[in-house]
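One-letter residues, chain by chain:
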Amino acid sequence: ADAAEFIFWFSVVGAGIAAVNHTLFPLSNMKKLSPVCVRKTKEQKEEVSADALWWGCYAFSAMNAGFFVNGVWAGYTGSKEAKQGVLLGCGVLFECFALAWFTQGKITGKADYRAQGTKIAVLGCIFLFGFQLMMF
């Protein structure tokens, strides 16, 4: 149960960090994750394209903020089922993201998009493993 609890809080804290990170540092995140979205202004300053800023930063942050708040609530209530729901949701989300990286990641311009997909898939498996551990 201790490992499951650790995995749960790891997912919650990770979601909170991702929400803040993608909101406050859009340029550095998009340079790493989707370099094709970075443009040069007339002054040769780098900026994130408006559509990528919306989907890759603000909408992504909002989604992670939702996972974070849901996780904090599940932790506060102490409900095993609520914690399982957070882990199941995070695990499925990460596996779907991994599939997207593997099949469509080339369009991001990230040279190692398959490695990114693998990292995301492993994290998804960890969250799903935490979900399973909480069943016992």
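Here's a quick rundown of the structure. The written sequence of each chain sets the order in which its residues are numbered from 1. With pLDDT at 70 or above as the cut-off, local features in this predicted model cover only qualifying residues; side-chain atom pairs require 80 or more to be listed or tallied, and sums for whole chains, interfaces and linings still use all residues. Computation of side-chain values covers all heavy atoms of the structure but excludes hydrogens and water.

Some words on the pattern of salt bridges
1) Next: Only one rule defines a salt bridge in this text: a Lys or Arg side-chain nitrogen within 4 Å of an Asp or Glu carboxyl oxygen. For the coordinates displayed, the defined rule picks out 3 salt bridges.
2) Next: In this structure, the salt-bridge partner of Asp112 is Lys110, at a minimum N-O distance of 3.0 Å.

A short note on the nonpolar core
1) Next: By convention a nonpolar core is built from buried Ala, Val, Leu, Ile, Met, Phe, Trp, Tyr and Cys residues, the set being connected through side-chain atoms within 4.5 Å. Accessibility here uses a 1.4 Å probe with only protein chains present; expressed as a share of the type maximum, an area under 20% marks a residue as buried, one over 50% as exposed, and anything in between as partly exposed. Phe8, Val86, Leu87 and Phe127 are the most contacted members of the largest nonpolar core, which totals 20 residues.
2) Next: Taken together, the elements giving at least two residues each to this core come down to helix H1 (2-24), helix H3 (50-77), helix H4 (80-104) and helix H5 (113-133).
3) Next: Here a helix means four or more residues in a row that DSSP labels H or I, a strand means two or more in a row labelled E, and each is numbered from the N terminus. When residues in this core are grouped by element, the largest group, 7 residues, is from H4.
4) Next: Here a residue-residue contact requires only that any non-hydrogen atoms of the pair lie within 4.5 Å. The contact partners of Val86, leaving out residues within four places of it in the chain, are Phe8, Ser11, Val12, Phe67, Asn70, Gly71 and Ala74.
5) Next: Met30, Cys37, Val48 and Cys57 belong to the second largest nonpolar core, which has 5 residues in total.

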